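Chain by chain, the residues:
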Amino acid sequence: MKKTALAFLLAVAIPQAAHAEPFQQAEVTKTVNRVSLLHSKQAAKPAAVGDVVRGETAVKTGGDSRAELKFPDATITRIGSNALFRFREGGRDMTLDGGTMLFSAPKGVGGGQVQAGAITAAVTGTSFLLYYLVGGEVKVVVLEGKVLIYFTANPKIRQMLRAGQIGSLPAGATAFNPTYSIDLKHLIGTSRLLEAGGFGPLPGQALLLRIAEGQQGKIGKLPDSRIQDAQAAQTARRTIQGNTPAPPQPMMTPSPRPGATPIVPPRPQPVVTPPPRPTPPPKPTPPPTPRTGP
Amino acid sequence: MGAPGARAQSNRADTASRTASNLSLTRAAQSTVNTSEYLSDAESDFGEQQAVSIRAGGLGAYLIGGSGLNYTSNPTLSSGGGKGDMYYFARGGAGIHPNLTGGLYLDGHISEEVFLYSRNTALNFSHLNAGGGLDYVFEDLGQLNLWVRYEYDRYLGGNLAEFFVNNSLVTGLGKEFLIGDTMAIQTGAQAAISLTANPSSARRNEYDFWLGWRWRIVEPLELQTYYVVSLFYYPEGSRVDVTQNVGGSLNLSLTRWAKLSASVGFGTNSSTDSFYNYTVVNVGGTLGLDIRF
């Protein structure tokens, strides 16, 4: 495996909206522990809530640190520990150089790509988590919507991921691992890029939880079993009574009690015609017994 | 691959130039990171990834409940149409669904439901269902579900006198096809072979096929429509019934474990014995509970 093969570009892409507004700036809305802003022409400075980040600035996090950026179109990115994140001003491209990030964009605001050396990601109306170990594995978990991941160098190698699915690419691999579904409820409960990390709920977090709850359920028979249960019970009754010979009718029919209802309307009884009784053959006349004399 | 591929192409050059200019920045950023700490932090930030198929680790216990008021146009399911009636419905139950290995789950459940009619009180009944079996989820086939279960059903009349008991072996498969974020098509088939029944005259084998459409209109509100066709074969007498049910419900999730439903359904049965032909319309509202542990 060539070294360059390690520098694969994994793209996570979703079709862009027709009139997507480019990213111009983002506001730092949360910082946890060590978060700094790196500018190519200035010394690094600690990030603070309310700082405006533009394209020429990178956001770097230290160990056990996190940050949240919010774009004017309500797109949210959260960056995990030991990450370096930036975006291209005037486009919808982002870059993650190692670490983890969460991307959440409302529907209709446009798509784009997130790139980071080996990783590129883009999203419209989708939430996903991205994990990139520098020189190592890449993982993508879709929280909501669909995400297409592919090698940027060879887009024919691709995978479509749906909510709850994880796609991964081991270091140096030339093909994706098979996708599988993970327990979203558990992931949502443990990811430090969500509420477990001290962040507030994402817009549409209730929807996320519904998707996660849906994973817990069984795909069983369709609803309204109530109606079918009633049909089963009354059909059984009707069948049993329909197969029960009608009792002999009393000569005097008592007057029905007020409000009393027969369980099942009586099945019409067929008129039974007795078979014709065969006419007995004429008794043969016995021959006269010869009288015997005494 | 057109759109993403084209974007990839167009961005590649830009990426390359930016990658070069930022390489030193990146190296500077990562150089101070201890690898094990880096891994640990990254994993913690990302969250624990438990495959659904090996998720459980517990009983997967749940409680269900429900109560509602309904109208049925033909409570006796008579071929003449009958006179409409209201009925009250209540249900309670519990179950477990632990994962055994891979995509294999154990299923155990028990429920009791009661139907109380307003005027046709002689139609009142209660239904006990208990069963268990195995479910298998095929992850590679889009979570296709396959199940095999034993089911026990006991029906008591309003006077608590047993009028029907059935023991059956049930097998089926179902799958949900997602259509975007908010819609899904559900389809499935199931066969329930009656092993024994009392009285045996009502013993029947059931073969169901269904198609559903689910639409999450807005977050708490969901529309569910369905069509179910069921074929019933009565070994005694060789009677065959074909029952079709079509309907829908509007479900409002009040909490993660409670929802309100308004439903309407139409059913029709065609039998080789015309005595059992019927049509029925059902309309109702239900409060349902589903608490999962």
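Everything that follows concerns the structure shown earlier in this document.
Presented here is an overview of the structure given in this document. Per chain, residue numbering runs from 1 following the sequence as it is written. Chain A is the first chain written and ligand 1 is the first ligand written, with later ones labelled in order. Where totals are concerned, whole chains, interfaces and linings use all residues; where local detail is concerned, this predicted model gives features only for residues with pLDDT of at least 70, and gives and counts side-chain atom pairs only at 80 or more. Values reported for side chains reflect all heavy atoms of the structure, with hydrogen atoms and water molecules removed beforehand.

1. Details of the packing of aromatic side chains
Condition: Pairing of aromatic side chains here covers Phe, Tyr and the six-membered ring of Trp, requires ring centres within 6.5 Å, and sorts the geometry by plane angle: under 30 degrees stacked, over 60 edge-to-face, intermediate tilted. For the exposure calls, accessible area comes from a 1.4 Å probe over protein chains only, and a residue counts as buried if that area is under 20% of its type's maximum, exposed if over 50%, partly exposed in between. The rule for a charge over a ring is simple: NZ of Lys or CZ of Arg within 6 Å of the ring centre, and within 35 degrees of the ring normal.
Applying the stated criterion across every chain, the model contains 16 aromatic pairs over all chains. Aromatic pair Y136 of chain B and F138 of chain B: ring centres 4.7 Å apart, planes at 65°, arrangement edge-to-face. On the basis of relative accessible area, Y136 of chain B is assigned to the partly exposed category, the value being 33%. What makes F138 of chain B partly exposed here is its relative accessible area of 29%. Aromatic rings pair up to connect Y87, F89, F115, Y117, F125, Y155, F163 and F164 of chain B into one cluster. The ring of F163 of chain B carries R237 of chain A above its face, with NZ or CZ at 4.4 Å from the centroid.

2. Concerning the pairing of strand β8 (residues 183-198) of chain B
All names here are of chain B. Defined as follows: In this analysis, strands are considered paired if DSSP registers two or more bridges between them. In DSSP terms, a helix is any run of H or I states spanning at least four residues, a strand is any run of E spanning at least two, and both are numbered starting from the N terminus.
Strand direction decides the pairing type here: strand β7 (residues 162-179) and β8, joined by 15 bridges, are antiparallel. The residue bridging F177 from the neighbouring strand is I185, located in β8. By the bridge criterion, ten bridges tie β8 to strand β9 (residues 205-218) in an arrangement that is antiparallel. Across the sheet, the residue bridging to I185 is W213, located in β9.

3. Description of unusual backbone geometry
Cis geometry is found at the peptide bond from N198 of chain B to P199 of chain B, where omega equals 0°. Of note, P199 of chain B is situated in the loop between β8 and β9. Phi at N82 of chain A takes a positive value of approximately 55°, unusual for a residue other than glycine. Relative to the elements of secondary structure, N82 of chain A occurs in the loop between β8 (76-79) and β9 (84-87). What makes N82 of chain A buried here is its relative accessible area of 6%. Although it is not a glycine, S238 of chain B sits at a positive phi angle of roughly 55°. Position of S238 of chain B among the secondary structure elements: in the loop between β10 (221-234) and β11 (239-253). Assessed through its relative accessible area of 44%, S238 of chain B is described here as partly exposed.

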